[in-house]
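# Chain and residue survey
Residues per chain are reported as follows:
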Amino acid sequence: MKFGTTFVASTWLATTIAALCVSTASAVQLVASVRPGIGAIPYNVGLSTKGVTFRVWAPNAQAVSVAGSWNFYSNTSHQLANEGNGFWSGDVPNVGTAVQYKFAVKYNNVYTQKNDPRARDLTNSVGYSVVYDPNSYAWTNNDFQIANWNELVVYEMHIGTFWVPDGSAPGTFTDAIAKLDHIKSLGVNCVDLLPMAEFPGDISWGYNPSYPFSVESSYGTPNDLKRFVDECHTRGIAVVNDVVFNHLGPNDLDMWKFDGWSQNNLGGIYFYNDTTRAKTPWGDTRMDYSRAEVRQYIRDNAMMWLDEFRMDGLRWDGTKYMRRTDQFGVDIPEGWSLLQWCNDQIDAKFPGKISIAEDFDDNDWVTKTTGAGGCGFDSQWDWFVHNIRSAIETSSDSSRSMASVKEVILQNYNGSHTQRVIYTESHDEVANGKSRVPATISPAAPGNWYARKRSTLGAAVAMFSPGIPMMFMGQEFLEDGFFDANDPLDWTKATTYSGILNLYRDMISLRRNLNGETKGLTGANTNVFHLNDWNKVIGWHRWENGGGGDDVVIIANFGAWPLQNYRVGMPRGGMWRCRMNSDWNGYSSDYLNTLCLDVDANGSAYDSLGQSATINIGAYSFVVFSQDGASAGNPADIDSNCIVDSADLGMCLGNFGNSGAGDVNGDSVVDSSDIGTLLGEMGWTCPLVAPAETCVKNQDINTHALPLQTLTDPNLGAPDFGIVEFELNQ
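For every chain, the first residue of the written sequence is number 1, and numbering continues from 1 onward in sequence order. Confidence filtering applies because this is a predicted model: local features only for residues at pLDDT of at least 70, side-chain atom pairs given and counted only at 80 or more, and all residues used for totals across whole chains, interfaces and linings. The basis for the side-chain values is all heavy atoms of the structure; hydrogens and waters are excluded.

## Thoughts on the state of the cysteines
Selection rule: Working definition: a disulfide is two cysteine sulfur atoms within 2.5 Å of each other. Under the scheme used here, helices are H or I runs from DSSP no shorter than 4 residues and strands are E runs no shorter than 2 residues, and both carry numbers assigned from the N terminus. Working definition: with a 1.4 Å probe on protein chains only, accessible area under 20% of the residue-type maximum means buried, over 50% means exposed, and in between means partly exposed.
Evaluated as defined, the whole model comprises one disulfide. Residue pairing for Cys-578: its cysteine sulfur links by disulfide to Cys-596, the two sulfurs lying 1.9 Å apart. Given an S-S torsion of about 110°, the disulfide between Cys-578 and Cys-596 has right-handed geometry. Within this pair, whereas Cys-578 is found in strand β25 (residues 574–581), its partner Cys-596 is found in the loop between β25 and β26 (599–601), the two being separated by 18 residues in sequence. Residue class for Cys-596 comes out buried when judged on its relative accessible area of 2%.

Structure, rendered in structure tokens:
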């Protein structure tokens, strides 16, 4: 817990002394405050006037007082004024931050002390509310902007188990900061934090919030969380926060029957009081989205994280259970309209920040704009995970469906490539009876060749498919078992599987186009052009505008045998560079190092594309190809096809007098000097030397190590060996 006995005792002593200045000899009937805000809001006017405004919603209460450490937690010493609108308020002078308090709510002539529903800080979930100054943190970053959504790579993190130096959960925000350089070096540019609102006890996933406005005390203080966000922004990492409004608690929940009133023995003013709408899979604590005060509560909470805490987006848990009572239940129209309102508010005040739904209904309307009648979310978690995990986890190659893989690659909402979040591991998919992908592939040896090969193959499909790719913490170093809030990550695996860590780093670099060679992986266009279910090979093309440095071709082998001289279509002629080969033995010493060479696409049409080339690809491996951009070759090669020819001259002449294509010398206008330069380069072709990185990653190749079962003709299918598992002799 955050507050130890010594701290509580010293705070009590200090506030008791202060109480001498705030007479508690008789009850004080406060007047209604004219200051804004709900909860406990410190004020400081000039040098001498300070205090705290207290305001709380309790429409059925007979009376409400604020009981704090300064008045010995008296039920009657500081009585709030009834504002006549369900709210009670008053200003208490000479009370400062860090003091503890509760609201004493009178109903049926009995006072019950309750924690503030909008408490900004708590000693713990069964302790006291604490007055907090939201302006007390000094930010060091003031102009951070989240990356364009098509460039995001998300890392889902649970603060309690991410990094625990002493091995005893939970970890803290300060602990997590110590490992942010790992996230930065990985190339990730967005962290999605599991919920951090105060929950019962110290150990939890966080999806059982008791106090949505308060930061979980076992993780640290509100300022500790702000420092975590600040440190992320310093490293170029955005922060998305999970919020839970489909239910609360159900334990340690002072909001339950907050002002004494309820119906059907249910939750009272903050919750539905009919059994149909109150019931959720997690308890009868669905918030009442029809009440204006509850809607405002949820809206204000969402905006708090984005504004005061400078989060860069929100991931809304289980939105299906806000707009419907259950999977096949009754619609809740006011839940839908609440989500629309919140998203409109976010878009209006924080354009560029992202709002993500976990809805899992394959519903385009969730990410349609509110103007079109949609819910207004920017993206939503997708069912991608189930088909792709099926393809990599089954032990028999014959059971892997390339048609199913094609389906999940091309799945989208409203034709957008950023309206879905895709992954092979998440907190839900590696728990609740399910394990991490490596442990599912090989339960007895989750670090073996099969687990490494096929788990990273699935990750590659997620990383290189249209959508916002996400990974779960520890996935990058082959964490195994299942997610447990009591079980910290095993960071020794980052050393044991350092090659796999580098593989993820290289994938992320390509996905984000950090080297300027693979822009198409952020692009809107995808064509799955090659599907060979006999040999378990699939190929797809990603691009934004097309051309050198943009067009990207990914070929994935879901089969147990390497393939040589395997023909695939290519979208453009010319030289294609092998940017990544997951069978490189730098990723693991027992990988076969199947040779991935740059290839010249000058063959016949194939796969309904105008060009083709032959490649090599390892077992359960992927290779990535792209062409050099003009800047990597020759500025006169305007169409980036590795030759300066009449087509380039035509483009130059066609744009004469303008800027853009044809501006060979980079002076912002296409003129006679550009034509002269181009004519001087006529006939130039790309050098055939592979880039240094490709050479390094294919060094020390034993070309004779390829098994005899490799194919030389992609049109001649090998018999289905029905392989369950096999060992490579190397």
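Read on, since the account is not over.
## Describing the confidence of the model for the protein chain
Convention followed: You can read pLDDT as the predictor saying how much it trusts each residue, on a scale of 0 to 100. Note on contacts: a residue pair qualifies if any of its non-hydrogen atoms lie within 4.5 Å across the two residues.
Per-residue confidence for the protein chain averages 90 on the pLDDT scale, and 89% of its residues sit at or above 70. Throughout residues 1–25 the model reports pLDDT below 50, and contacts reaching past four residues in sequence, or to other chains, amount to 32 contacts. In this model, residues 688–730 is a region of pLDDT below 50 whose contacts with residues beyond four sequence positions or in other chains number 81 contacts.

## Brief notes about the sheet that holds strand β2 (residues 39–45)
Convention followed: Paired strands, in this sense, are two strands between which DSSP finds at least two bridges.
Here we have four strands laid out as an open sheet, ordered β2-β3-β7-β6, and antiparallel in their pairing. Either end of the sheet is taken by a strand with one partner, and the two such strands are β2 and β6 (81–82). Here seven bridges tie β2 to strand β3 (residues 49–57), and the two strands are oriented antiparallel to one another. Bridge pairing in β3 places Tyr-43 opposite Gly-51.

## Structural notes on the packing of aromatic side chains
We apply this condition: Only centres within 6.5 Å qualify two rings of Phe, Tyr or Trp (six-membered ring in Trp) as a pair; their planes then separate them into stacked at under 30 degrees, edge-to-face at over 60, and tilted for everything else. Note on criteria: charge over ring means Lys NZ or Arg CZ within 6 Å of the ring centre, with the direction from the centre no more than 35 degrees off the ring normal.
Tallying each qualifying case throughout the model produces 32 aromatic pairs. On the numbers, 5.8 Å between centres and 25° between planes, the contact of Phe-54 with Trp-70 is stacked. Linking Phe-54 in strand β3 with Trp-70 in the loop between β4 (63–68) and β5 (78–79), this pair joins segments that are 16 residues apart in sequence. This pair shows no difference in class: Phe-54 is buried, exactly as Trp-70 is. For the ring pair Phe-477 and Trp-491, a centre distance of 5.1 Å and an interplane angle of 55° mean the geometry is tilted. Taken together, the residues Phe-477 in the loop between β20 (468–472) and α14 (493–496) and Trp-491 in the loop between β20 and α14 connect sequence positions 14 residues apart. With respect to burial, Phe-477 and Trp-491 carry one shared label: buried. Counting every residue linked through ring pairs, the aromatic cluster contains Trp-57, Phe-213, Phe-258, Tyr-270 and Tyr-297. For Lys-179, the ring lying beneath its charged end belongs to Trp-163, and the centroid distance is 4.5 Å. Over the ring of Tyr-591 we find Lys-453, and its NZ or CZ is 4.2 Å from the ring centre.

## A word on the pattern of salt bridges
Side chains that differ in sign of charge can pair as their charged atoms come close. Selection rule: Put simply, a salt bridge is a Lys or Arg side-chain nitrogen that is within 4 Å of an Asp or Glu carboxyl oxygen.
Under the definition given, this model contains 36 salt bridges. Here Glu-231 ties to Arg-235 by a salt bridge, and the two come within 2.8 Å at their closest N and O atoms. Each member of the salt-bridge network shares a partner with another, and the members are Lys-320, Arg-323, Arg-324, Asp-359 and Asp-361.

## Regarding the packing of helix α10 (residues 384–393) against helix α11 (residues 402–410)
Quick note on the threshold: All axes here are fitted lines through C-alpha atoms, helices being fitted over the stretch that makes contact, and every angle between N-to-C directions spans 0 to 180 degrees. The labels follow the angle: roughly parallel below 35 degrees, roughly antiparallel above 145, roughly perpendicular from 65 to 115, and oblique for the rest. By the definition used in this description, the sense in which the near helix is turned from the far one sets the handedness, with an anticlockwise turn below a right angle giving left-handed and a clockwise turn giving right-handed. We call Asp, Glu, Lys and Arg charged. Ala, Val, Leu, Ile, Met, Phe, Trp, Tyr, Cys and Pro are nonpolar, and the rest, Gly among them, are polar.
Where α10 contacts α11, the axes come no closer than 9 Å and their chain directions differ by 150°. One way to sum up the angle between α10 and α11 is to call them roughly antiparallel. The handedness of the crossing between α10 and α11 comes out as left-handed. Taken together, the residues of α11 that come into contact with α10 (itself represented by Phe-384, Asn-387, Ile-388 and Ala-391) are Ser-404, Val-405, Glu-407 and Val-408. Across the contact of α10 with α11, the residue classes break down as five nonpolar, two polar and one charged.

## Comments concerning the sheet that holds strand β21 (residues 525–532)
Read from one edge of the open sheet, six strands run β21-β22-β23-β28-β25-β26, paired in antiparallel fashion. With partners counted over all chains shown, the strands left at the sheet margins are β21 and β26, one partner each. Between one strand and the next, the sheet's axes are offset by a mean angle of 25°, whatever the strand orientation. The pairing of β21 with strand β22 (residues 537–543) spans seven bridges and is classified as antiparallel. Looking across to β22, one finds that Asn-527 is bridged to His-541. In the packing of α11 onto the sheet, contacts are made with β21 and β22, and the angle to β21 comes to roughly 180°. Against the sheet, helix α13 (residues 449–464) contacts β22, β23 (552–557) and β28 (621–626), and its axis sits at roughly 35° relative to β28.

## Notes on the environment of Ser-33
In this fold, Ser-33 is placed in the loop between β1 (28–29) and β2. Ser-33 sits in the buried class, given a relative accessible area of 8%. Taking the C-alpha atoms as reference, Ser-33 lies 8.2 Å from Ala-81; in sequence the two are 48 residues apart.

## Some details on the nonpolar core
We apply this condition: Residues grouped as a nonpolar core are buried Ala, Val, Leu, Ile, Met, Phe, Trp, Tyr and Cys residues, joined through side-chain atoms within 4.5 Å.
Core analysis: the biggest nonpolar cluster contains 149 residues, and Phe-54, Trp-316, Phe-464 and Phe-558 have the highest contact counts within it. For this core, the element with the highest residue contribution is α13, accounting for nine residues. Apart from the residues lying within four places of it in its own chain, the contact partners of Phe-558 are Ile-388, Ala-391, Ile-392, Asp-397, Arg-400, Met-402, Val-405, Leu-457, Val-461, Lys-536, Ile-538 and Tyr-620. Formed by 19 residues, the second largest nonpolar core is a distinct cluster that contains Phe-529, Val-537, Val-553 and Ala-613.

## Side note on the environment of Ser-395
Its location among the elements puts Ser-395 in the loop between α10 and α11. Between the C-alpha atom of Ser-395 and that of Ser-442, which follows or precedes it by 47 residues, the distance is 9.0 Å.

## Notes on the pairing of strand β16 (residues 313–316)
Neither face of β16 is open: one carries Gly-313 and Arg-315, the other Leu-314 and Trp-316, and all of them are buried. Pairing analysis gives four bridges linking strand β15 (residues 238–243) to β16, with the strands arranged parallel. When the sheet's bridge partners are listed, Asn-241 is paired in β16 with Leu-314.

## What about the packing of helix α16 (residues 646–654) against helix α17 (residues 672–681)?
Between α16 and α17, whose axes approach to 10 Å, the crossing angle comes to 180°. Here α16 lies roughly antiparallel to α17, going by the angle between them. Residues Asp-648, Leu-649, Cys-652 and Leu-653 of α16 pack against Asp-674, Ile-675, Leu-678 and Leu-679 of α17. Of the residues that constitute the contact of α16 with α17, the class distribution is six nonpolar, no polar and two charged.

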